[in-house]
Amino acid sequence: PDIDGFSDNRGWSPAGDVLVQFHFREATSGQVALQSLDPGALPPAVLGCFDPGRTTAFLADEVEIFESMPEDERWSVREGGPVKMVVANWKRPDLSYEEYVSHWSTVHADLVRVHGPAMGFCRYVQSRRTEPDADQGAALGWASAPDGGLSEVWWTSQAAMKVDLSSAEALAAS
């Protein structure tokens, strides 16, 4: 609810229900995995929990912009552990994908490096589409994927996120 509130206050679209990320050693493995999916072969238990019209998929390179959280803490499963907000990004229609990525990976990334710590960010990652013109989900009857990519913003805990985002410094930085 706190992350949804963060989005609502900015006029963003509603958050998705869930995000599943698969990490592959190489892009071709991800391509093969997506191409081999047969939505008709999914078990009823899986089909019963998602709406294909609101499901999407794309392949991306994960680019870490900054990190101040130890890796063993990042994957902690303890109560009150780390939390991340995932933001789906669509590029402006007047930009090519290359122009979008150039701005996102330089101007935007630099702003997050400077102002993110004031908002309590301890990790920021961009997932940039490896095949910007390919829409792997469409072949499965799924929704279109964001044509920009995904951003991940991490805090040490949900409690820290609430405190950090409500501070005067965070509001000014935002």
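Scroll up a little and you will see the structure.
Described below are features of the structure shown in this document. (Residues numbered from 1 in each chain as written. Predicted model: local features only at pLDDT ≥ 70, side-chain atom pairs only at ≥ 80, totals over all residues. Heavy atoms only, no water.)

Considering the overall build of the protein chain
Assigned secondary structure in the protein chain consists of seven helices and four strands. Seen in sequence order, the protein chain has helices and strands lined up from the N terminus as α-α-α-β-α-β-α-β-β-α-α. In the protein chain, buried positions account for 33% of the 174 residues. Here the analysis covers contacts within the protein chain between residues at least 6 apart in sequence; of these, 81% occur between residues at least 24 apart. Split by element, the accessible area of the protein chain, about 10,700 Å² in all, is 55% carbon and sulfur. (Helix = DSSP H or I, 4+ residues; strand = E, 2+ residues; numbered from the N terminus. Buried < 20%, exposed > 50% of the residue type's maximum accessible area, 1.4 Å probe, protein only. Contact = heavy atoms within 4.5 Å. Areas by Shrake-Rupley, 256 points an atom, 1.4 Å probe, with all protein chains shown as cover.)

Some details on the layout of surface pockets
The volume enclosed by the second largest pocket comes to roughly 150 Å³. Lining the second largest pocket are Ala-88, Asn-89, Trp-90, Lys-91, Arg-92, Leu-95, Tyr-100, His-103, Trp-104 and His-108. Top contributing element to the lining of the second largest pocket by residue count: helix 5 (residues 97-115), with four residues. Partitioning the lining of the second largest pocket into residue classes produces five nonpolar, three polar and two charged. (1 Å grid on protein atoms, 1.4 Å probe; cavity = no way out; pocket = protein on both sides within 12 Å on 5 of 7 lines; lining within 4 Å. Points joined across faces, edges and corners; volume = space filled by probe spheres on them. Nonpolar A, V, L, I, M, F, W, Y, C, P; charged D, E, K, R; others polar.)

Quick look at the pattern of salt bridges
Tallied over the full model, the rule gives six salt bridges. Across the salt bridge formed by Arg-123 and Glu-64, the nearest N and O atoms sit 3.2 Å from each other. One end of the pair, Arg-123, is in strand 3 (residues 123-129); the other, Glu-64, is in strand 1 (residues 60-67), with 59 residues separating them in the sequence. Looking at Glu-64, the relative accessible area reads 43%, which means it is partly exposed. (Salt bridge = Lys/Arg side-chain N within 4 Å of Asp/Glu carboxyl O.)

Some remarks on the environment of Arg-123
Taking relative accessible area as the criterion, Arg-123 reaches 5% and is therefore assigned buried. Along the sequence, Arg-123 and Glu-64 sit 59 residues apart, while their C-alpha atoms lie 7.9 Å from each other. Residues in contact with Arg-123, not counting those within four places in the same chain, are Glu-64, Phe-66, Glu-67, Arg-74, Glu-152, Val-153 and Trp-154. Separated by 2.6 Å, the side chains of Arg-123 and Glu-67 make a polar contact. (Polar contact = N/O pair within 3.5 Å; in protein donor to acceptor, adjacent residues only side chain to side chain.)

Considerations on the nonpolar core
Side chains of nonpolar character tend, in soluble globular proteins, to be buried together. One finds Met-119, Phe-121, Tyr-124, Val-153 and Trp-155 to be the most contacted residues of the largest nonpolar core, which totals 21 residues. For this core, the secondary-structure elements that each account for two or more residues are strand 1, strand 2 (83-89), helix 5, strand 4 (149-155), helix 6 (158-166) and helix 7 (168-173). Beyond its immediate stretch of four places on either side in the chain, Val-153 contacts Val-83, Lys-84, Met-85, Phe-121, Arg-123 and Tyr-124. In this structure, Leu-34, Ala-57, Leu-140 and Trp-142 belong to the second largest nonpolar core, which totals five residues. (Core = buried A, V, L, I, M, F, W, Y, C linked by side-chain atoms within 4.5 Å.)

Notes on helix 5
The end-to-end C-alpha distance of helix 5, which contains 19 residues, comes to 25 Å, matching closely the 27 Å that a straight helix rising 1.5 Å per residue would cover. Considering bend angle alone, the principal kink of helix 5 is centred on Trp-104 and spans about 30 degrees. Turning to helix 5, its buried residues number three or more, namely Tyr-97, Tyr-100, Val-101, Trp-104, Ala-109 and Val-112. Residues of helix 5 that are buried sit in contact with strand 1, strand 2, strand 3 and strand 4. (Expected span 1.5 Å × (residues − 1). Bend = angle between axes of the 7 residues up to and from the residue.)

Focus on the sheet that holds strand 3
Pairing in this open sheet of four strands is antiparallel, and the strands run 1-3-4-2 from one edge to the other. Strands with a single pairing partner mark the edges of an open sheet, and in this sheet they are strand 1 and strand 2. For this sheet, the mean inter-axis angle between neighbouring strands, taken without regard to orientation, is 20 degrees. Strand direction decides the pairing type here: strand 1 and strand 3, joined by seven bridges, are antiparallel. From the neighbouring strand, Glu-62 faces strand 3, where its bridge partner is Ser-127. Along the sheet, helix 5 contacts strand 1, strand 2, strand 3 and strand 4; its crossing angle with strand 3, the most-contacted strand, is approximately 180 degrees. (Pairing = 2+ DSSP bridges. Axes fitted to C-alpha atoms, helices over the stretch in contact; angles between N-to-C directions.)

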